[in-house]
Amino acid sequence: MRSFPNSFPTLLYILCVLGFHSLGADFKAYLPSRMTNQLWIVQATEKGDQLTLSVDKKVDLGFSAVTIVAHPERSLLYVSTNVGEEGNSPGATITLEADGSYKGHRSLTLEHGYAYLSLDHDQRFLLGANYREGHIDIYPLDKYGIPGSRVAFLDEGRTAAHAILPSPDNRFVYIPYVKESNAILQYAFDNTSGALTPLDPHNANPPEGTGPRHIAYHPTLPFVYFSNEQGLGASVYQRDLASGQLTLHQVVDVVSENQRPESGVSASDCFLSPDGKFLFTGQRSGNETALPNGINRYRVADDASLEHLGLTPTGEIPWGLAFSPDGNVLLVTAHGRGILHAFRLTKQGELIPVATLPIDERISDLVTR
């Protein structure tokens, strides 16, 4: 990106020519490291049209930290490992200062390690999806936001559960399964007890070979998006507001069937821009001669359908995605090489690289605030 003097007229020029959303405020990102057992706290600083990333603090957690979710109202983070001893898996609740800096943390003992953590929309429960055995655990949160003993458990006899996320109305929960399990299981959610009751039909029956992985809800329309781990694209489902049932609306393949390698390439994370205008999914290639690593970009139409806009290369394997709080910057973790990428989002859905930061290898998840 070109470097310009920091002046108001210059910023107006940049906004007009490149079509950026209004430049945002400083923020922090939080990245758990399985290699050093630490939580990395990264400061993102805006200066004019420039964004810089720097390490604010590294917090020793004492376990292989992998998965993270942020409380939407309290200054709390929840972190777990992804593979832990059943009934004795480590985790932590991290307390932040009002400015997002580290205040302290307390250890948690969880029932499993989790590939995905979420909170319900009333902030009463912490939900975890275990990948290897496919187990689902739900924990109540006390008045301080601290998890208690598990109150609900699911074992559907399927491995490779990759996400769990309540619907915006907090009445239903969907759990996607990748690889051979290839399913989206649907449940009614009791937001007072945490109980999950299977819907009928139980499985939304995603098309064979798609492998739904991560979830994003449209901010205003009754639609939900999934990154397709094996299908290398995204799926769109319409959600019946009364019954909670999902109906397939669209599958977007980003490469033709004859271009898709038999193995070694898969999709990762799935994020909508906060305004709901664009969707982004990671594309991971173990062999870049087959397909490149990068972020697939999609425009969201008025009817919630997707138009594939193209791929923004990342060089390294992209894993976790997270937007800055104002939605102007997309952060991407490069899992194998240990690099944090920052991209500026334009009004046309382009991603303009603006900063990088060396981080631990194999960091996957991150959140911002």
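Calculation rules
- Residues numbered from 1 in each chain as written.
- Predicted model: local features only at pLDDT ≥ 70, side-chain atom pairs only at ≥ 80, totals over all residues.
- Heavy atoms only, no water.
- Buried < 20%, exposed > 50% of the residue type's maximum accessible area, 1.4 Å probe, protein only.
- Helix = DSSP H or I, 4+ residues; strand = E, 2+ residues; numbered from the N terminus.
- Pairing = 2+ DSSP bridges.
- Salt bridge = Lys/Arg side-chain N within 4 Å of Asp/Glu carboxyl O.
- Core = buried A, V, L, I, M, F, W, Y, C linked by side-chain atoms within 4.5 Å.
- Contact = heavy atoms within 4.5 Å.

1. A few points about the pairing of strand 14 (residues 183-189)
Stage number 1. With six of seven residues buried, strand 14 is to be regarded as a mostly interior element.
Stage number 2. Relative to strand 14, strand 13 (residues 172-177) runs antiparallel, the two sharing six bridges. Bridging across to strand 14, F172 finds its partner in A188.
Stage number 3. In this sheet, strand 15 (residues 196-203) lies alongside strand 14 in antiparallel orientation, the contact comprising four bridges. Looking across to strand 15, one finds that L185 is bridged to N203.
Stage number 4. Between the antiparallel neighbours strand 14 and strand 15 lie six residues, among them G194 with a positive phi of about 85°.

2. Considerations on the pattern of salt bridges
Stage number 1. A full pass over the atoms with the stated rule returns nine salt bridges.
Stage number 2. Ionic pairing is found between D169 and R239, a salt bridge with its closest N-O pair at 3.5 Å. Separated by 70 residues along the polypeptide, D169 in the loop between strand 12 (165-166) and strand 13 and R239 in strand 18 (residues 233-239) bring together distant segments of the chain.
Stage number 3. Close ionic contact of E229 with K179 constitutes a salt bridge, the shortest N to O distance being 3.1 Å.

3. Regarding the nonpolar core
Stage number 1. Grouped together as the largest cluster of nonpolar side chains are 31 residues, with contacts concentrated most on I136, I164, I175, L196 and L246.
Stage number 2. Mapped by element, the contributors of at least two residues to this core are strand 9 (125-129), strand 10 (136-140), strand 11 (152-154), strand 13, strand 14, strand 15, strand 16 (212-217) and strand 17 (223-228).
Stage number 3. Setting aside chain neighbours within four positions, we find I175 in contact with I136, L154, A161, A163, I164, A183, I184, L185 and Y187.
Stage number 4. V42, L53, A322 and A355 belong to the second largest nonpolar core, which has 19 residues in total.

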